Amino acid sequence: MGLETIISLIVAETEEEIARIRQKAEEECTAIRDAARERAGRERERILLEGERKALRAERKVLLQAEYDEMKALRDARWQGIREVFVAAEEELADIPLKPEYPGILHSLIIEGREIVGGGEIVILCRAADKKAVEDAAEGLDGVAIRSLPLHDPQIQSGGVIVISADTPIRCDQTFATRLNQMRDSLTQQVSVILYGGEGDGY
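Just so it is clear, the model here is predicted, and its values are computed rather than measured.

Reading the values: the criteria
- Residues numbered from 1 in each chain as written.
- Predicted model: local features only at pLDDT ≥ 70, side-chain atom pairs only at ≥ 80, totals over all residues.
- Heavy atoms only, no water.
- Helix = DSSP H or I, 4+ residues; strand = E, 2+ residues; numbered from the N terminus.
- Polar contact = N/O pair within 3.5 Å; in protein donor to acceptor, adjacent residues only side chain to side chain.
- Buried < 20%, exposed > 50% of the residue type's maximum accessible area, 1.4 Å probe, protein only.
- Contact = heavy atoms within 4.5 Å.
- Patch = residues over 30% accessible without salt bridge, like charges linked within 9 Å, V, L, I, M, F, W, Y side chains within 5 Å.
- Areas by Shrake-Rupley, 256 points an atom, 1.4 Å probe, with all protein chains shown as cover.
- Salt bridge = Lys/Arg side-chain N within 4 Å of Asp/Glu carboxyl O.
- Phe/Tyr/Trp six-rings, centres within 6.5 Å; stacked < 30°, edge-to-face > 60°.
- Core = buried A, V, L, I, M, F, W, Y, C linked by side-chain atoms within 4.5 Å.

**Some words on the side chain of S158**
Alright, step 1. Within the secondary structure, S158 is located in the loop between β2 (144-149) and β3 (160-165).
Alright, step 2. At a separation of 3.0 Å, a polar atom in the side chain of S158 contacts the main-chain amide nitrogen of A177.

**So, the side chain of S165**
Alright, step 1. Within the fold, S165 resides in strand β3.
Alright, step 2. The class of S165 is buried, set by a relative accessible area of 7%.
Alright, step 3. There is a polar contact of 3.1 Å between the side chain of S165 and the side chain of T168.
Alright, step 4. In contact with S165, not counting residues within four places along its chain, are V117, E121 and I170.

**Notes on a nonpolar patch on the surface**
Alright, step 1. A cluster of nonpolar residues, V85, I194 and L195, forms a patch on the protein surface that exposes about 270 Å² of accessible area.
Alright, step 2. Its location among the elements puts I194 in helix α5 (residues 184-196).

**Some thoughts on the packing of aromatic side chains**
Alright, step 1. Enumeration over the complete set of coordinates arrives at one aromatic pair.
Alright, step 2. On the basis of an interplanar angle of 70° and a centroid distance of 6.1 Å, the ring pair of Y102 and F176 is categorised as edge-to-face. One end of the pair, Y102, is in helix α2 (residues 102-116); the other, F176, is in helix α4 (residues 176-182), with 74 residues separating them in the sequence.
Alright, step 3. Residue Y102 is classed as buried on the basis of its relative accessible area, which comes to 1%.

**Structural notes on the nonpolar core**
Side chains of nonpolar character tend, in soluble globular proteins, to be buried together.
Alright, step 1. Ranked by internal contacts, the top residues of the largest apolar core, which has 17 residues, are Y102, L106, I110, I122, I124, V134 and V161.
Alright, step 2. Elements that contribute at least two residues to this core include exactly α2, β1 (122-127), α3 (131-138) and β3.
Alright, step 3. Not counting residues within four places of it along the chain, the set of residues in contact with V134 comprises L106, I110, I124, C126, I146 and V161.

Spelled out as structure tokens, the structure:
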């Protein structure tokens, strides 16, 4: 075997080895690229899915906030309407002492108050400006003493009377302001039904 033949065989084997190495390298590169594409695809899907979840969460948050704001605005508007009704009611009550039917209203309040404190002799507290009307209201009632309070006495700031038992410390506040406050919850529900319908829940 001549030198040229040996060289040609070495070259042939080298080329085969180079080709094998190149083929292996290409296969590895292809495998790496395929794996990278697969990972990238999975990551892209994960990011898209996470982005979609974030978008859905953000949308839900916005919708819930909008719903809350809407409900709050509705509640506030309803409460404002109810407050305006009570303001009007307070103004109406403030005008009652100026009306001719005031003594008749006071008479009913005195009778009711007397029953609540247990009957018997009573003391009626009233505003000085209402004394004449209270005297007219109590006309014909036995065991009744009337005492008017100073102008700025905090016990009575509105029309009506306070009925006190003469024998016990029991008293019944029959002033307009107190009666309105005592009935406020019930009246609020009734006003809500009248203004907004429904069953009066939630106002």
